[in-house]
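Below, each chain spelled out in residue letters.
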Amino acid sequence: MSYVLRSELFGQSPSYGNHPHGHKGHLEKIFQNWIDKREKFKIVFQELLINIYNPELYLEYKFMNIVQALEIYHKQTQKGKHKIEYMSQDSYQNGIYQKLREVIQNYPMEEDFKRFLDGKVKYLFKVEKNLKDRLRDIIDNISYLFVDNNDDTKQSFADTFNSQDDSLFSRITQDQNELDKFLKRVVYIRNNLIVHPDKEIKIKNQELYDLLCTVTLILQTCLLIEIEVSTDTIKA
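Everything numeric here is computed off the predicted structure, so don't read it as measured data.

Q: Which parts of the structure should I look at to understand the overall build of the protein chain?
A: Scanning the protein chain from N- to C-terminus turns up twelve helices and zero strands. Across the protein chain, helices and strands are ordered from the amino to the carboxyl terminus as α-α-α-α-α-α-α-α-α-α-α-α. For the protein chain, the share of sequence-separated contacts (at least 6 apart) that also reach a separation of at least 24 residues comes to 70%. Within the structure as shown, the protein chain displays about 14,200 Å² of accessible surface, and the carbon and sulfur contribution to it stands at 50%.

As structure tokens, then:
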């Protein structure tokens, strides 16, 4: 996995002849998938490449780029799958909405205000998932890659990296409490950078770096899957 990530998504030139899964056909397939999907994921790829080719960027900017790319990726891949909505239109309109409408109609208040409230609650089912839920969806969708390998002679997916984010990445894929803390921290930092860009956030550079590496790794994994790099190759 380490080899593939750094070669195919970091702009390096892999030597596929020496790679156990590498051959010309494999590379051609990946390249063709990249061509086919580059327009769909244009902004996502751009955000990633900005970080790769501009190492002088502040960590905060890099972090924002990747988090934004993950949000866009989720919207693009989950559109039409009812994962950007908390429930289907029919379920909401025939269930919760009817109950809310009944309460509004029976509550003693001005008719104009009743109509206003009715209009507000009619389409609440369309409220999109927040960043925390989007990230959880993404991690759940790629979690099959994080299953520990029963073969002691092989490394598990989460153990194949030699960067400082290894520990955090491994923890959030194996421990629900660690995942919850990770999601909460990512959302807190992102929201503060957007809403209060001039306010100093209480975070150490090392923590921000670890978070950046982890969200970047998650995005890279998603893109490898999108261009149909085989599961065995990703885990290799």
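Still more to cover.
Q: For this particular structure, what's the right way to read the side chain of Arg136?
A: As for its placement among the helices and strands, Arg136 is situated in helix α8 (residues 131–141). Side chain to side chain, Arg136 and Asp180 meet in a polar contact 2.9 Å long.

Q: It is not clear to me how a nonpolar patch on the surface should be interpreted in this structure. Could you clarify?
A: Residues Ile96, Leu100 and Leu124 make up a contiguous nonpolar surface patch of roughly 220 Å² in combined accessible area. Note on placement: Leu100 falls in helix α6 (residues 96–106). On the basis of relative accessible area, Leu100 is assigned to the partly exposed category, the value being 31%.

Q: Whenever I open this one, the confidence of the model for the protein chain confuses me. Can you help?
A: Low-pLDDT portions of the prediction should not be read for the details of their coordinates. On average, residues of the protein chain score 77 in pLDDT, and 72% of them reach the 70 mark or higher. Contacts from residues 1–8, a stretch scored under 50 in pLDDT, to residues over four places away or in other chains number 39 contacts. A low-confidence stretch, residues 10–17 stays under pLDDT 50, and its non-local contacts, those more than four residues away or across chains, total 17 contacts.

Q: Help me understand the packing of helix α4 (residues 59–78) against helix α10 (residues 176–195) in this model?
A: Two packed helices can be described by the angle between their axes and the distance between those axes. One can describe the packing of α4 onto α10 by two numbers: an axis separation of 11 Å at closest approach and a directional angle of 110°. Overall, the two elements α4 and α10 adopt an arrangement that is roughly perpendicular. When the axes of α4 and α10 are compared, the crossing they make is left-handed. Residues Glu60, Phe63, Met64, Val67 and Glu71 of α4 touch α10, and the partners they reach there are Val186, Ile189, Arg190, Leu193 and Ile194.

Q: What should I look at first to understand the nonpolar core in this one?
A: Of all hydrophobic cores here, the largest spans 36 residues; its most connected members are Val44, Phe63, Leu70, Phe182, Val186, Ile218 and Leu219. If you tally residues by element for this core, the top one is helix α11 (residues 205–226), at nine residues. Sequence-distant contacts of Val186, defined by excluding residues within four places in its chain, comprise Phe63, Val67, Leu135, Leu211 and Val215.

Q: How should I be thinking about α11 in this particular structure?
A: Each full turn of the α-helix corresponds to 3.6 residues, which orients residues three or four apart in the same direction. The first and last C-alpha atoms of α11 sit 31 Å apart over 22 residues, in line with the 32 Å expected at 1.5 Å per residue. Of all 22 residues making up α11, 17 are buried, and the element is well covered by its neighbours.

Q: What is the right way to look at the pattern of salt bridges in this model?
A: According to the stated counting rule, one finds ten salt bridges in the structure shown. Within the structure, one salt-bridge network assembled from shared partners comprises Arg171, Glu178 and Lys181.

Q: Got a minute to help me understand the packing of aromatic side chains in this structure?
A: Aromatic ring pairs are described here by two measures, namely the spacing of the ring centres and the angle between the planes. Applying the stated criterion across every chain yields a total of six aromatic pairs. Taking 6.0 Å as the distance between ring centres and 55° as the angle between the ring planes, the aromatic pair formed by Tyr58 and Tyr61 counts as tilted. Residue classification places Tyr58 among the exposed positions, given a relative accessible area of 59%. Through pairs of rings, three or more aromatic residues link up here, namely Trp34, Phe41, Phe45 and Tyr73.

Q: So what exactly am I meant to see when it comes to unusual backbone geometry here?
A: Excluding glycine, residues mostly carry a negative phi; peptide bonds, for their part, are mostly trans. In this model, Glu228 sits at a positive phi of 65°, which is unusual for a non-glycine residue. Here Glu228 shows up in the loop between α11 and α12 (231–235).

Q: What exactly am I supposed to notice about the environment of Phe31 here?
A: Its location among the elements puts Phe31 in helix α2 (residues 24–37). Once the C-alpha coordinates of Phe31 and Glu228 are considered, the two residues, 197 residues apart in sequence, prove to be 10.0 Å apart.

Parameters and conventions
All residue numbers here refer to positions counted from 1 along the written sequence of the relevant chain. In view of the model being predicted, local features appear only for residues whose pLDDT reaches at least 70, and side-chain atom pairs are presented and counted only at 80 or more, with totals across whole chains, interfaces and linings using the full set of residues. As a convention, hydrogens and water are excluded, and side-chain values are obtained from all of the structure's heavy atoms. The secondary structure listing takes helices from DSSP runs of H or I that are at least 4 residues long and strands from runs of E that are at least 2 residues long, numbered from the N terminus. Contacts are assigned to residue pairs that have any heavy atoms within 4.5 Å of one another. Per-residue and other accessible areas were derived by the Shrake-Rupley procedure at a 1.4 Å probe size, with only the shown protein chains allowed to occlude residues. Pairs of N or O atoms within 3.5 Å make up the polar contacts considered here, provided that, within protein, one atom can donate a hydrogen while the other can accept it, and that residues adjacent in sequence are counted only when both atoms are side-chain atoms. Residues qualify for a patch when their relative accessible area is over 30% and they have no salt bridge, like charges being joined within 9 Å and the nonpolar side chains of Val, Leu, Ile, Met, Phe, Trp and Tyr within 5 Å. By definition, a salt bridge exists where a carboxyl oxygen of Asp or Glu is found within 4 Å of a side-chain nitrogen of Lys or Arg. Whether a residue is buried, partly exposed or exposed follows from its accessible area with a 1.4 Å probe, protein chains only, as a fraction of its type maximum: under 20%, in between, or over 50%, in that order. You can read pLDDT as the predictor saying how much it trusts each residue, on a scale of 0 to 100. Axes, fitted as lines to C-alpha atoms, cover a helix only where it is in contact. Angles between the N-to-C directions of the axes lie from 0 to 180 degrees. Each angle is binned into one of four classes, with values under 35 degrees roughly parallel, values over 145 roughly antiparallel, values of 65 to 115 roughly perpendicular, and all other values oblique. We call a crossing left-handed when the near helix sits turned anticlockwise from the far one by less than a right angle, and right-handed when that turn is clockwise. Joining through side-chain atoms within 4.5 Å is the link that ties buried Ala, Val, Leu, Ile, Met, Phe, Trp, Tyr and Cys residues into a set, and such a set is a nonpolar core. Here the expected length of a helix is defined as 1.5 Å per residue gap, with one fewer gap than residues. Pairing of aromatic rings covers Phe, Tyr and the six-membered ring of Trp, with a centre-to-centre limit of 6.5 Å; geometry is then stacked below 30 degrees between planes, edge-to-face above 60, and tilted otherwise.

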